[in-house]
Amino acid sequence: MHESAAPAPPEPTAFVEQLDADGLFAFGKADIRDISPAGRAALDTLAGRLTGRNLDVVHVIGHSDRIGNRQGNLRLSNRRADAVRDYLVERGVPSDRITAVGRGDVEPVAECGSERGQALITCLAPNRRVEVRVRLAD
């Protein structure tokens, strides 16, 4: 008696790709020319997952840490989101399906209390990120 293989699980209709901003950009950098080789490889892999798919929407959301002033952090997170969006569009993701927005430092995932200097920069690293939220069309 042969057991039939279990059916493959259905493809998810939405997913979130979280990219470490320090892996994408040098500290304080945000231009598309500043994306590191490792960041380019991660974005190339993501673009490969997105191109040729029936996309509803792709939201690119930049986040910063709390170091510096709020307006500067918001600008930095916007520039990083724009750079990731532009990179994905260059790699074939339809520009009419992708948005970019920066959230600054208002959605931290790590709280650091007593650290100072480089220890604070290291502790806050998880807050410096770019999320790519993908929803596939039915």
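Just above sits the structure.
If you're wondering where the values come from, they're calculated on a predicted model, not measured in any experiment.

Let's hear about the overall build of the chain: which residues, and what values?
Across its full length, the chain carries four helices and four strands. In the chain, the succession of α and β elements from N to C terminus is β-α-α-β-α-β-α-β. With the C-alpha coordinates aligned to their principal axes, the bounding extent of the chain is approximately 65 × 40 × 25 Å. Burial status across the chain gives 36% buried among its 138 residues. For the chain, the proportion of contacts with a sequence separation of at least 24, taken over those separated by at least 6, is 76%. In the chain, 19 positive and 20 negative side-chain charges are present, and the distance between their average locations comes to 6 Å.

For the nonpolar core, give the residues involved together with the corresponding values.
Formed by 23 residues in total, the largest nonpolar core has its most connected members in Leu43, Leu50, Val60, Val84, Leu88, Val132 and Val134. At the level of elements, β1 (14-20), α2 (37-50), β2 (55-63), α3 (70-90) and β4 (129-136) are the ones that each hand at least two residues to this core. At five residues, the largest contribution of residues to this core is made by α3. Apart from residues lying up to four places away in sequence, Val132 is in contact with Phe15, Val16, Glu17, Leu19, Leu46, Val58, His59, Val60 and Val84.

Talk me through the sheet that holds strand β3 (residues 98-102); I want residue IDs and the actual numbers.
Strand order in this open sheet of four strands is β1-β4-β2-β3, and the pairing throughout is mixed. The outermost strands of the open sheet, each flanked by one partner alone, are β1 and β3. The sheet shows a mean angle of 15° between the axes of neighbouring strands, direction not considered. Sheet topology places β2 next to β4; eight bridges connect them, and they run antiparallel. Following the sheet pairing, Val57 is matched in β4 by Arg135.

Give me the lowdown on the side chain of Asp105, citing residues and values where you can.
You can see Asp105 is positioned in the loop between β3 and α4 (117-123). Its relative accessible area of 12% is what places Asp105 among the buried residues. Side chain to side chain, Asp105 and Asn73 meet in a polar contact 3.4 Å long. When sequence neighbours within four positions are dropped, the list of residues in contact with Asp105 reads Ser64, Asp65, Arg66, Arg70 and Asn73.

Now, about the state of the cysteines: what can you tell me, with residues and values included?
Using the criterion set out here, one finds one disulfide in the structure. Note that Cys112 is cross-linked by a disulfide to Cys123, the S-S spacing being 1.9 Å. Every disulfide takes its handedness from the sign of the S-S torsion; for Cys112 and Cys123 that torsion is -95°, giving left-handed. On the criterion of sequence distance, the pair formed by Cys112 in the loop between β3 and α4 and Cys123 in helix α4 is long-range, its members being 11 residues apart.

Any details on α3? Residues and values, ideally.
Within an α-helix, residues lying three or four positions from one another point in the same direction, as the helix has 3.6 residues per turn. In a regular helix each residue adds 1.5 Å, so 21 residues correspond to 30 Å; α3 covers 30 Å between its end C-alpha atoms and thus fits that length. Residue Asn69 occupies the N-cap position of α3, its side-chain oxygen lying 3.1 Å from the main-chain nitrogen of Gln71.

Quick notes on the rules
Residues numbered from 1 in each chain as written. Predicted model: local features only at pLDDT ≥ 70, side-chain atom pairs only at ≥ 80, totals over all residues. Heavy atoms only, no water. Helix = DSSP H or I, 4+ residues; strand = E, 2+ residues; numbered from the N terminus. Buried < 20%, exposed > 50% of the residue type's maximum accessible area, 1.4 Å probe, protein only. Contact = heavy atoms within 4.5 Å. Lys, Arg positive; Asp, Glu negative; His and termini not counted. Charge placed at Lys NZ, Arg CZ, Asp CG, Glu CD. Core = buried A, V, L, I, M, F, W, Y, C linked by side-chain atoms within 4.5 Å. Pairing = 2+ DSSP bridges. Axes fitted to C-alpha atoms, helices over the stretch in contact; angles between N-to-C directions. Polar contact = N/O pair within 3.5 Å; in protein donor to acceptor, adjacent residues only side chain to side chain. Disulfide = S-S within 2.5 Å. Expected span 1.5 Å × (residues − 1).

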